[in-house]
Amino acid sequence: MLSETQARWLAEEILPHEADVRRWLSRFSGIDVDDVIQEAWIALSRTEPATIRFPRRWFFKVARNVVLQYYRRARIVPLSSLSDITDDTLVDSEPGPEQHVSAREELQFLSQTISDLPPRCRAIFTLHRIHGYSQKECASRLGLSENVIEKQMARALRLIGDAYAQREKDHEPGARSFPHVGARRTNAP
């Protein structure tokens, strides 16, 4: 059975791309597009939405895998179908080591940024954005008004945004990373 979160994710993030996936699948010979779509939906319904960063890409990837499974089972694959599926669709989209390191650094930065939030702000942000509680549920759990929850969420998002902006500014080409940019240099003898 689908959770409410999964059902909403499928309806909002996956369903809008079905027509594009169907159009793409129509290029392959010897497959039943409806069967591929149905198998893809079954696989997608088992997906944890929080783990998917790019739902459209994920839908295409799942459909591609279903087609590949079909061709493997058939053992006779028309060459035109293989050329279609190997064009740009078989490019390995799995992250490489650099992307893993980058993602880990990004996660550490976000974790530190959240840790640096004021305590009440951090608690509200964590309940709402990380654990998925509604504003009303956060208010109830913390004994605060929904208005306070809304304002603290806005504050948290602003502070996180400011931290990212500062990080970008610090990493711009030509940016100085000296602690005292305006400090005067002295020539020591």
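Cut-off values and rules
Residues numbered from 1 in each chain as written. Predicted model: local features only at pLDDT ≥ 70, side-chain atom pairs only at ≥ 80, totals over all residues. Heavy atoms only, no water. Helix = DSSP H or I, 4+ residues; strand = E, 2+ residues; numbered from the N terminus. Expected span 1.5 Å × (residues − 1). Buried < 20%, exposed > 50% of the residue type's maximum accessible area, 1.4 Å probe, protein only. Arc of directions from axis to C-beta. Polar contact = N/O pair within 3.5 Å; in protein donor to acceptor, adjacent residues only side chain to side chain. Contact = heavy atoms within 4.5 Å.

Asker: Help me get a handle on helix α3 (residues 33-45), residues and values and all.
Answerer: Taking 1.5 Å of rise per residue, 13 residues should cover 18 Å, and α3 covers 18 Å from first to last C-alpha, within 8% of that figure. Taken together, the buried positions of α3 are occupied by V33, V36, I37, A40 and L44. For α3, the angular spread of the buried residues around the axis is 95°, confining them to a single face. Measuring from the side-chain oxygen of the N-cap residue of α3 to the backbone nitrogen of D34 gives 3.1 Å; that N-cap residue is D32.

Asker: Requested: an account of the side chain of T47, with residues and values cited.
Answerer: Within the fold, T47 resides in the loop between α3 and α4 (55-74). At a separation of 3.3 Å, a polar atom in the side chain of T47 contacts the main-chain carbonyl oxygen of A43. Reaching out from T47, the side chain makes a polar contact with the side chain of W58 at a distance of 3.4 Å. Among residues more than four places away in sequence, those in contact with T47 are Q6, W9, I52 and W58.

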